[in-house]
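Per-entry structural report
Letter by letter, the chains look like this.
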Amino acid sequence: MMKILKAYKSGWTVSLNSKRMTSLVYLSYLILALLLVIPFYRLFVSVAGSSLLPDDLIRGFSATALGEFMREGGKAFGFYLKALLPWMVLFLVLGTFFQGGIISWISNDRGRFSTKTFIGNCVAYFWPFLKTCFYTLIIQIIFAVLVYLPVSILIGGDNLTDAHIGKTLIFGIAIHLLLLIWGTMIAEYTRLFIYRSGKRKVLKSLWKAFKFTLRNIHRLFGMYIMWVILPLALFIALYLIRMRWTIDPGLMIFLLFLVQQVFIWVRFLLKIQKTSIFYRYLVLIVQKA
Amino acid sequence: MLKKLFPIIIVFLLFFTSTHAQEILTNPLSERITEYDIQVKLDTETKKLSGQMVLKWKNPSQDTVRDLQFHMYLNAFKNDKSTMMSEGSSFLSKEENWGWVEIQSIIDPEGLDLTSGMRYLQPDQAIDEKTLRLPQEKPEQMRDPETDQTVLSIPLDKPVLPGDSLEVKINFISKLPKLAKRTGYAEDYYFVAQWFPKLGVYEPAGMRYAEKCGWNTHEFHRNSEFYANHSLYNVDITLPEDYIVGSGGVLQNTESHADGTMTHTFRAEDIVDFAWTASQEYQVFEDQWRHVNIKFLCHPEHAYQAERHIIALKHALEYLTEHVGPYPWPHVTFIGPPMKGSAAQGMEYTTFFTAGTVWGLPEGIRMPELVTVHEFGHAYFMGILATNEFEEPWMDEGINTYWEGRIMDHAYGSKTSVLDLPFINIGDLETARFTYLLMKNPKIADGYRASWEFPHGSYGAVIYQKSATWLHMLERMIGQPVIDEIFKRFYQRWGFKHPATQDFIDIVNEVVSEYHGDLFGESMDWYFDQFLKSSKMMDYTIESIRVRSIKEKGGLFGESGNQEFRESETVENMFKSEVRLERLEEAIVPVEILVHFDNGDEILERWDGKSRAHDFVYERAEKVVWAKIDPEMKMLMDANLMNNSYTREPSKMSAVKYSGKFLFLIQNLMQFAGIFN
Ligand SMILES: [Zn+2]
């Protein structure tokens, strides 16, 4: 218990020191996102043309206004929806790229943040971490199959009620969520083991991470729950804010945009915090051993 | 003393036990041309019903009637050759899944068995592939006469004279199909509809479209529903006693038998069809709305949503009573079927209907409410106003969907009555309009045709949603009090009769001219001609707004050789603004246009909408900034609302807002992608 608290506390200290790194990560992602958003904006303006109907979209939600609008430009907007998948792959690669820099910074968080060193570390660990990412994907697929294969057998019967199907599905999703989180922990520790050993043996580190996370599963989940409370609370707060606002629409759109961006920035910070909590915990365990 | 009393007691007991006819309504609501007394026994092993039925029929015409015609609906499930099965893919496979109905004997008042003369009829022909209509003179396109067995003719030994009554005794056996198209069994769950030999409607000449007298019977088509006289039903249902039974009648009596079965006696008055259901698992909820006893039989997994259903039903009762007319029966029973019985969802039998829901549905998805409101609405539109659903489906499904929209939007909000979720919401009328306009080809069929004449699955969108949309538009044009008066008069004049399309249009014309004179023309026929009887679409647009300075006094003046050139002068502080309108589609509707000037002045213009283009031109100190066709959003049939307005100063605010939303979506997705590294 002490170790968990200690790790959690130190995660906070590190993340509070990581504001510049967070901003760097945030901005890189933002640029990639804007590559899609700026043409989207242009398309929106051109589809709206000289019509007054899009003004009905400014305040609140109107299915009629949005529907008419989408009918006018639906096919063109479809391109952007299709682009989301390759963009997610890009984000995944970019996220993997940053991991080297982030872990290096976390492990010696004293001193000034230097973009040059950060990028250098990103490059240094990119290849083994990309491999880790690939293996993690395979693990996640196996987890999903392990959950949904029996679930689909359980709900495939002839004479079932929808309540039975619904409850089985919810149970399956809950189990899958736990496995999903475990999978992210395995990935996280694989990278930490690779980093700490200085050797780039991905599969060996993966095996070590698998054993380590399994052995410490209750503590890791404990820390995870402590960590997840804040982003969850933020998410609920954001939701409540958007439900309550009834001020001037222009100002509202701007404020909401600002809040959303702060929210995204904070989530990057929190992700770094999670890595440093896990890292600190590993250090504490290793020190003791 | 005892000896003397004994016969009196016997008479007394007989009266109360054998005549189960406790009347429900003090006065009959209809002519009760048909009366059915049925005793039926369900064999839960073989899924068969064996029934004895006494049928009374009164000849309503001036004709001598020489045969009886019955709907044998269950034969639609007999084999792949039936009209229903041949109109789409077959949906029954195993031997025990198929269903059928057979008359074993039919005895006339003289004691004569008429079965030897029975023959099946195929009154409907295959539709013409080219015209998508019934062929006029193409007998070679007729279906093989042996195939469909859903209409049965039984010649009478002794014809029925005008005004006379006939009573026949019928023994029949029905094998229920595996639940499909709203009837049958699913394991030990039963929804029993269209289950007995059902008399067609005899139409005297002059009734509806009948030029000659005759039976109006149609085959059981995949899309078609039903047409029947308002009847009296006394039905005894016998089945194992652990089943809970519900029906469109009022339960009069139950009686247990030594063999472990129980007989449930129901009576129903002035309804067009009698259906029933049985399940061992139903939970029964009872409630009251004014004079109406509400019964909701629900499978346990959906029981936690019972209140949602009952509240929705009360909204519908309240709204229809206020805006159309009273619900005359003191009872209504409705059903929440289990998932295995989902083929029974969403069907109406006047005082008895089925709702439909799914376990775990959030409050914001109003499926149980919507289905309840819709199906109950049919108590009015085909229950009380018993239209011919085979031939004029728009009159029940279209009108009823319009009322469903009004009730739902009134009770649950016009933007939230179908979906009310955190990031998305939509109302019933909005849904109807989009369902029509998002059809691949909204012009594929007009709405004024028989239910089996709709090509490529267009039946639902045209009959339900397009009809509802143009009825809503009519309401907005003539005003809600006027359309309410139309429906009140429709109810008073045609309740418990069989109105046709023209009867409705006549009332519309009558009421609209009373309230509005000739504001909309001599009659409203033009409206029905375009939106019901044709598939014309409507689209008006503001092509552009042009603003120029006004120049004058320029050009050449005087005779040739002595000409003087003067340069044009710009008239100061005067502008010529042109608002250019166009009609892009075929339908013609008068429209209003709101024109807005830069000093805030607004002018409401009117255009009859007949020509293909029309301009409004203004020469004044102010410039036109924007203009809007139909500023009050009455013209719901207008297929494109984007082009209904034009502004010279478009705002980019919506683009900023949605780009921000899109960015946030991408950022969330990228963080989601992060779980894989
Ligand atoms: Zn309906």
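No experiment lies behind these values; they were computed from the predicted model shown. (Residues numbered from 1 in each chain as written. Chains lettered and ligands numbered in written order. Predicted model: local features only at pLDDT ≥ 70, side-chain atom pairs only at ≥ 80, totals over all residues. Heavy atoms only, no water.)

What to know about the overall build of chain B
Selection rule: Numbering of helices and strands runs from the N terminus, with a helix taken as a DSSP run of H or I at least four residues long and a strand as a DSSP run of E at least two residues long. Between two residues, a contact is recorded if the distance between any of their heavy atoms is within 4.5 Å. In these tables, accessible area is a Shrake-Rupley quantity obtained with a 1.4 Å probe, and a residue counts as shielded only by the protein chains included in the view. Within this scheme the basic residues Lys and Arg register as positive and the acidic residues Asp and Glu register as negative, but His and the chain ends are omitted. Where a charge lies is defined by one atom per residue type, namely NZ (Lys), CZ (Arg), CG (Asp) and CD (Glu).
For chain B, the helix and strand inventory stands at 12 helices and 33 strands. Its C-alpha atoms give chain B principal-axis dimensions of roughly 130 × 70 × 55 Å. Residue pairs in contact within chain B that sit at least 24 positions apart in sequence constitute 71% of those at least 6 positions apart. If you sum the accessible surface of chain B, you get close to 28,300 Å²; carbon and sulfur atoms cover 52% of it. Across chain B, 67 positive and 100 negative side-chain charges occur, with their mean positions spaced 2 Å apart.

Brief notes about unusual backbone geometry
Unusually for a residue other than glycine, Gln-194 of chain B sits at a positive phi of about 50°. Considering the arrangement of structural elements, one finds Gln-194 of chain B in the loop between β9 (189–192) and β10 (198–199).

Some points on the coordination of the zinc ion
Residue and element names in this part refer to chain B. Going by this rule: Coordination here is defined by N, O and S atoms within 2.8 Å of the metal (3.2 Å for Na, K and Ca), and since water is not considered, a site can look incomplete. Irregular is the label for any site that misses the other tests, which are tetrahedral for four donors with all angles between 85 and 135 degrees, and square planar for four donors or octahedral for six when opposite donors exceed 155 degrees and the remaining angles lie between 65 and 115.
Here the zinc ion is held by the protein donor atoms His-374 (NE2), His-378 (NE2), Glu-397 (OE) and Glu-397 (OE), which lie 2.0 to 2.6 Å from it. For the zinc ion, the four donor atoms are set out with angles of 55 to 156° between them, so the coordination reads as irregular. We note that the donor set of the zinc ion lies within a single chain, spaced as H-x3-H-x18-E. Residue His-374 is found in helix α4 (residues 367–377), and its partner Glu-397 is found in helix α6 (residues 397–412); the two are separated by 23 residues along the sequence.

Considerations on the packing of helix α3 (residues 306–323) of chain B against α6 of chain B
Residue and element names in this part refer to chain B. Where we set the bar: Here, axes are lines fitted to C-alpha atoms. For helices the fit covers the stretch in contact, and angles between N-to-C directions go from 0 to 180 degrees. Note on convention: the crossing is left-handed when the near helix lies turned anticlockwise from the far helix by less than a right angle, right-handed when the turn is clockwise. The classification used treats Ala, Val, Leu, Ile, Met, Phe, Trp, Tyr, Cys and Pro as nonpolar, Asp, Glu, Lys and Arg as charged, and all other residues, Gly among them, as polar.
Orientation of α3 relative to α6, taken along the N-to-C sense of each, is 115°, at an axis distance of 10 Å. The way α3 lies across α6 gives a crossing that is right-handed. Between α3, through Ile-311, Ala-312, His-315, Ala-316, Tyr-319, Leu-320 and His-323, and α6, the contact on the second element is made entirely by Trp-403, Arg-406, Ile-407, His-410, Ala-411 and Tyr-412. Residues belonging to the contact of α3 with α6 are distributed by class as follows: nine nonpolar, three polar and one charged.

Considerations on the state of the cysteines
Residue and element names in this part refer to chain A. Threshold: Cysteine sulfur pairs qualify as disulfides if the two atoms are within 2.5 Å. Three labels apply to residues, based on accessible area from a 1.4 Å probe with only protein chains included: buried if under 20% of the type maximum, exposed if over 50%, partly exposed otherwise in between.
This model, assessed by the stated rule, comprises zero disulfides over all chains. No disulfide involves Cys-133; its nearest neighbouring cysteine sulfur is the one of Cys-122, lying 15 Å away. When its relative accessible area of 5% is taken as the criterion, Cys-133 is described as buried.

Considerations on the interface of chain A and chain B
Going by this rule: Buried area is a sum: the accessible area each of two parts loses on coming together, probed at 1.4 Å, counted once for each and added. For this document, the term salt bridge refers to a Lys or Arg side-chain nitrogen within 4 Å of an Asp or Glu carboxyl oxygen.
With 72 residues of chain A in contact, the opposing surface of chain B contributes 58 residues. Of the roughly 6,000 Å² buried between chain A and chain B, counting both surfaces, carbon and sulfur atoms make up 67%. Looking at the side of chain A facing chain B, the largest losses of area belong to Leu-52, Phe-61 and Asp-162 of chain A, adding up to 11% of the total buried there. Scanning the region where chain A abuts chain B turns up one salt bridge.

Structural notes on the sheet that holds strand β20 (residues 331–336) of chain B
The line we're drawing: Strand pairing is defined by DSSP finding a minimum of two bridges between the two strands.
Pairing is mixed in the open sheet, where five strands are placed in the order β18-β19-β20-β22-β21 (chain B). Edge positions in the open sheet fall to β18 (283–289) and β21 (347–348) of chain B, since each of these has one partner strand only.

A word on a positive patch on the surface
Residue and element names in this part refer to chain A. What counts here: Patch definition: residues above 30% relative accessible area lacking any salt bridge, with like charges linked at up to 9 Å and the nonpolar side chains Val, Leu, Ile, Met, Phe, Trp and Tyr linked at up to 5 Å.
Together, Arg-196, Lys-199, Lys-201, Lys-204, Lys-208, Lys-211 and Arg-215 give the surface a local cluster of positive charge. By residue number, the principal contributor to the positive patch is helix α6 (residues 202–215), which donates four residues. Its place among the elements puts Arg-215 in helix α6. Relative accessible area serves as the criterion here: at 60%, Arg-215 is assigned to the exposed category.

Brief notes about helix α9 (residues 480–494) of chain B
All names here are of chain B. The following threshold applies: A helix is expected to span 1.5 Å multiplied by its residue count minus one.
For α9, built from 15 residues, the straight-helix expectation of 21 Å at 1.5 Å per residue is met to within 8% by its first-to-last C-alpha distance of 21 Å. Within α9, the full set of buried residues consists of Val-482, Ile-483, Asp-484, Ile-486, Phe-487, Arg-489, Phe-490 and Tyr-491. Buried-residue contacts for α9 involve α3, α5 (379–384), α6, α8 (459–478) and α10 (501–516).

Brief notes about the side chain of Asp-484 of chain B
All names here are of chain B. Along the chain, Asp-484 falls in helix α9. Classification of Asp-484 by relative accessible area gives buried; the value is 7%. Excluding anything up to four places from it in sequence, Asp-484 contacts His-323, Trp-403 and Arg-406.

What to know about the domain arrangement of chain B
Residue and element names in this part refer to chain B. Worth spelling out the cut-off: Domain limits in this description derive from either an automatic procedure or a database domain assignment. Here a polar contact means two N or O atoms within 3.5 Å. Within protein one must be a hydrogen donor candidate and the other an acceptor candidate, and residues neighboring in sequence count only if both atoms are side-chain atoms.
What the domain assignment reports for chain B is domain 1 (30–237), domain 2 (281–384), domain 3 (404–531) and domain 4 (540–553 + 567–655). The C-alpha-based centres of domain 3 and domain 4 are spaced at 29 Å. At the junction of the two partners, domain 3 supplies 15 residues and domain 4 supplies 14 residues. Linking domain 3 with domain 4 are one salt bridge, by the criterion used here. In this structure, the salt-bridge partner of Lys-443 is Glu-585, at a minimum N-O distance of 3.1 Å. Here domain 3 is connected to domain 4 by five residue pairs in polar contact (both at pLDDT 80 or more). Secondary-structure elements contributing two or more residues to the side of domain 3 that touches domain 4 are α7 (428–437), α8 and α11 (525–531). Taken together, the residues that form the side of domain 3 that touches domain 4 break down as eight nonpolar, three polar and four charged.

Structural notes on the pattern of salt bridges
Residue and element names in this part refer to chain B. According to the stated counting rule, one finds 37 salt bridges over all chains in the structure shown. Here Arg-208 makes a salt bridge to Glu-203, at a shortest N to O gap of 2.8 Å. The class for Arg-208 is buried, based on a relative accessible area of 14%. Judged by relative accessible area, Glu-203 falls into the buried class, the value being 4%. The salt bridge partner of Arg-493 is Glu-510, with a shortest N-O separation of 2.8 Å. Of this pair, Arg-493 sits in helix α9 while Glu-510 sits in helix α10, and the two are 17 residues apart along the sequence. Residue class for Arg-493 comes out partly exposed when judged on its relative accessible area of 37%. Note on Glu-510: relative accessible area 27%, which makes it partly exposed. Salt bridges sharing partners connect three or more residues here, namely Glu-485, Arg-489, Arg-493, Glu-510 and Glu-514.

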